[in-house]
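# Coordinates in review
Residues per chain are reported as follows:
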Protein chains: 2
Amino acid sequence: MLLIPTILCGGAGSRLWPVSRELHPKPFIRLDDGQSLLQKAFLRGACLPGVEEVLTVTNRELFFKTEDEFREVNADAVTTSFILEPFGRNTAPAIAAAASRVAEKYGKDAIMLVLAADHLIADQQAFQQAVLKAAELAASGKLVTFGIQPDSPETGYGYLEADGNTVLRFVEKPSLEKAQQYLASGRFLWNSGMFCFSVGTMLQQMEQYCPQILVAAKVCIEQSRSAEGKGFRLLELEPDTFANVPDDSIDYAVMEKSDRVAVVPCNIGWSDIGTWTALGDLTEPDADGNRIQGDALLYDTQNCTIQSNDRLVGTVGVKNLVIVDTPDAVLIADKSSAQDVKHIYSELKAKGHEAHKSHRTVYRPWGMYTVLGEGRGFKIKRIEVKPGASLSLQMHRQRSEHWVVVSGVAKVINGERDIIINTNESTFIPAGHRHRLTNPGTVPCVMIEVQSGGYVGEDDIVRFEDNYGRT
Amino acid sequence: MLLIPTILCGGAGSRLWPVSRELHPKPFIRLDDGQSLLQKAFLRGACLPGVEEVLTVTNRELFFKTEDEFREVNADAVTTSFILEPFGRNTAPAIAAAASRVAEKYGKDAIMLVLAADHLIADQQAFQQAVLKAAELAASGKLVTFGIQPDSPETGYGYLEADGNTVLRFVEKPSLEKAQQYLASGRFLWNSGMFCFSVGTMLQQMEQYCPQILVAAKVCIEQSRSAEGKGFRLLELEPDTFANVPDDSIDYAVMEKSDRVAVVPCNIGWSDIGTWTALGDLTEPDADGNRIQGDALLYDTQNCTIQSNDRLVGTVGVKNLVIVDTPDAVLIADKSSAQDVKHIYSELKAKGHEAHKSHRTVYRPWGMYTVLGEGRGFKIKRIEVKPGASLSLQMHRQRSEHWVVVSGVAKVINGERDIIINTNESTFIPAGHRHRLTNPGTVPCVMIEVQSGGYVGEDDIVRFEDNYGRT
């Protein structure tokens, strides 16, 4: 039996702002152990017995970053393949595209295990047992969902009523009263958003219940560009065709309608850690109930969750707060309002405020940059280039650039010259000069770029050649 | 009658951390109108009728910054003179030194008006009337204190019981119950920390009540270096002699013992704005009682005071908080605990944490610098040099420096060369090269300095020549 774990990496994680941003969503949040949620999801799938390929559906803006995350933990060199969406269309189109792709490659009997990229599962062994059971049911033609044994009357999750592996009904996020009844009854499970099915069954059920989605998704796949390279397979969906796929969740589109649905009840230490209180609870509290990551000084402070990277947080006479500090934004929320953090995110987005979209450090296929400062007519960046990577061959019309290498070595095209810049050397790129930066070394190249000119916006760039298809 | 306003600029303002720091204490805090408390104190004295000189006693580390502050507002070109202390010894030594100095220069009949550098007085006209009355009493041989009509039962101030201009007794900071009694009696006034006296009277009373302080202070004055220049007189006290002056307040050392004490009761809109709640109350509240300065996004938030310079503050479901954001530290305090902020300051100081001492932007006689970033083997600074100012002729043993001018013009000595660097030009200073930066222009020169080397600490500096006596 061939099992293809398929990670759906979507959703903003708006309740986890300011760490979570549009271009740095929840799956990329790193926990105390240094691993991101996305890496944990990858390992969850990749470590299952017999798995040789992990398929990921994600936004194309997140591809290089996702690949980096996987590379960091992919010690067994499991094949990673990707379907890249130009924008999100909920889970049904993503699953339709993935199932079509898997069927094409491995045939209709291949079993797909759909995993969320941003959940936590504490008990990997129990998870594996649940997957075995689910795969068995899937092979017999069932669409299997994983139902989590509830341990509290959560109002933020959907529920399903079950009898053994039989799903009696799905129910929406309930009121607290209803949720308490569900919990007491012992017959209700949380709908975890993980699924297991043979691609043949899913495609057949989609044909029956949401043919429009299936047909449109297949068109996307056929018309998409496909690129082979580096041992992975990559399928990038085109915006024009993908826009034609109706936006719907797999629950609405298929699961709640199909008569092939089954459930595997499980107790696997599952958590969707949707809020700062849930995420904070992963850190051990001190004697006053405070959970601290980073540099903080507390006076008369109880039961607070504090996370800070590079600044000092001082608190006086407060309790039950979540305080999250990032280089360009800080959140202060009462724990009881943790759900409401999403309103800050959505208002920032509506206002076009940069703090909803990206962090001060921006990831690029070739590495990353951080804006250290800017003023009228200048901008200063720290640029880190991965070993072997190159920025595009480019030119700026309105700004010149001074480059100082502070670590590693840079190979630079500057106008007509090809030069090597060692640590503690510099070069000057006048406006209008074609230039390119490559790291020819085996360690990261770090340089400081001082831009100077009448206009220093990111959009003053002409790309002549790019290793990442961005010309 | 000759009146010399004398500003005592001491005290950390530890309850106003993180804006207030050891090297950027409370008097330098700027209010909504753009003026610092120190500038307001200066104008308060300088605008009194007939005043031609304002004397300031301050820490020597704060001299250049204080002078800059005065220069900004000193439109009438009142003479500014300074006594610089190597460290704080409370008010009695400062007043002893100042009174000795004034007596020496202007004779024993000169009237000294002692002002705090970090108070707010809303009604300048009422203040002037109170000063006239006080000066009259001072001329008749009284040590005059200014007693503020209380409008609330403050427990943070000392009180004095008065009958007309007669002081019946001084009382320490009272309990709330006592304070309420004092307020109700109508006979008690807040002890404001402002004084007025003829220097002859004060010196004579000191001779009687605290001769040790007076004698030691006079020794300091005699042995101090004196430098004339730029129209001001500057007296820098030596640490060795100043350490011999007993540490005491003028209240304990003289006022509470002397039988020459008088009080001028006044109603002048006085506030010592000692805490963030008091300082915050100067900003107009919005409909939810929030007082906001800077970029903030509030959801379900009431009665909060938020101050931020260059980052976004998001709040959710909180009330009655003070949130103060600075580039390297953020404070979150309950308003009812505003007094306790000092504990954060003192603990940071005990730990030697940089955030108690200076901000990321550091002021120097020649201008200022801001550390934009640092890493292993490098540090990046934004350096701003005042028109006409020069850094010292210096050399670093372990680091080289790349300088990129992004605004204005720099005149540079680099080893054997004398060069001009215009905006968008750069130079490289190898380790071991003597170098000097001067701004020959009429606008500030802004440059980005990338330091590179095995060690980039501030103490790797050899100064050969300095305009500010720092060699």
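The shown structure was predicted, so the numbers you read here are calculated from the model rather than taken from an experiment.

### Some words on the relation of the copies chain B and chain A
When chain B is fitted onto chain A, the two copies agree to an RMSD of 0.1 Å after a turn of 179° and an axial shift of 0.0 Å. The symmetry that links the two subunits is that of a two-fold axis. Distance from the rotation axis, computed per C-alpha, reaches its smallest value in chain B at Leu 372 of chain B: 2.9 Å. When the interface residues of chain B are mapped onto chain A, 100% of them again fall at the interface, so both copies present the same face.

### Considerations on the interface of chain B and chain A
Between chain B and chain A, the contact holds 48 residues from the first and 48 residues from the second. Take the side of chain B that touches chain A: its biggest share by element is 6 residues, from strand β19 (residues 329-334) of chain B. Of the residues contributing to the side of chain B that touches chain A, the split by class is 26 nonpolar, 14 polar and 8 charged. Pairing geometry for strand β19 (residues 329-334) of chain A and strand β17 (residues 312-316) of chain B, over 5 bridges, is parallel.

### Considering the domain arrangement of chain A
All names here are of chain A. Per the domain assignment, the segments making up chain A are domain 1 (3-271), domain 2 (276-348) and domain 3 (361-465). Each of domain 1 and domain 2 has a C-alpha centre, and the two are 30 Å apart. Listed by partner, the interface residues are 10 residues for domain 1 and 16 residues for domain 2.

### Considerations on the environment of Tyr 299 of chain B
Secondary-structure assignment places Tyr 299 of chain B in strand β15 (residues 296-299). C-alpha separation for the pair Tyr 299 of chain B and Gly 147 of chain B, spaced 152 residues apart in sequence, amounts to 43 Å. Ignoring sequence-local partners within four residues, the contact set of Tyr 299 of chain B consists of Asp 340, His 343 and Ile 344 of chain A together with Thr 315 and Val 316 of chain B.

### Concerning the sheet that holds strand β27 (residues 426-429) of chain A
All names here are of chain A. Here 6 strands make up an open sheet; going across it, the order is β20-β21-β22-β29-β24-β27 and the pairing antiparallel. Where the open sheet ends on each side, the last strands, each with one partner, are β20 (361-364) and β27. Strand-to-strand, the axes of this sheet are offset by a mean angle of 20°, without reference to chain direction. Bridging between strand β22 (residues 378-385) and strand β29 (residues 445-453) involves 8 bridges; their strand directions are antiparallel. Among the inter-strand pairings, Glu 384 is bridged to a residue of β29, identified as Val 446.

### Some details on helix α4 (residues 124-139) of chain A
In this model, α4 of chain A (16 residues) spans 22 Å end to end at C-alpha, consistent with the 22 Å of a helix rising 1.5 Å per residue. Gly 141 of chain A occupies a position one or two residues after α4 of chain A and carries a positive phi of about 95°.

### Notes on the packing of helix α3 (residues 91-106) of chain B against helix α7 (residues 211-223) of chain B
Residue and element names in this part refer to chain B. Close contact between α3 and α7 brings their axes to 9 Å; oriented N to C, the two are set at 60°. One finds that α3 runs oblique with respect to α7. Where α3 crosses over α7, the handedness of that crossing is right-handed. Here Ala 92, Pro 93, Ala 96, Ala 97, Ser 100 and Arg 101 of α3 lie close against α7, whose contacting residues are Ile 213, Leu 214, Ala 217, Lys 218, Cys 220 and Ile 221. Looking at the contact of α3 with α7 residue by residue, the classes come out as 9 nonpolar, 1 polar and 2 charged.

### Describing unusual backbone geometry
Residues and elements named next belong to chain A. Of the consecutive residues Trp 17 and Pro 18, the connecting peptide bond is found in the cis state with omega at 10°. Along the chain, the position of Pro 18 falls in the loop between β1 (3-9) and α1 (37-46). A positive phi angle, close to 55°, is found at Ala 77, a residue other than glycine. With respect to the helices, strands and loops of the structure, Ala 77 is situated in the loop between α2 (63-73) and β3 (79-85). Since 10 C-beta atoms lie within 10 Å of it, Ala 77 is described here as exposed. A positive phi angle, near 75°, is found at Asn 424, a position not held by glycine. Relative to the assigned elements, Asn 424 resides in the loop between β26 (417-421) and β27.

Cut-offs and rules
Residues numbered from 1 in each chain as written. Chains lettered and ligands numbered in written order. Predicted model: local features only at pLDDT ≥ 70, side-chain atom pairs only at ≥ 80, totals over all residues. Least-squares fit on C-alpha atoms with pLDDT ≥ 70 in both. Contact = placed C-beta atoms within 7 Å. Helix = DSSP H or I, 4+ residues; strand = E, 2+ residues; numbered from the N terminus. Nonpolar A, V, L, I, M, F, W, Y, C, P; charged D, E, K, R; others polar. Pairing = 2+ DSSP bridges. Domains from an automatic or database assignment. Axes fitted to C-alpha atoms, helices over the stretch in contact; angles between N-to-C directions. Expected span 1.5 Å × (residues − 1). Parallel < 35°, antiparallel > 145°, perpendicular 65-115°, else oblique. Left-handed = near helix turned anticlockwise from the far one by under 90°. Buried ≥ 20, exposed ≤ 12 C-beta atoms within 10 Å, placed from the backbone.

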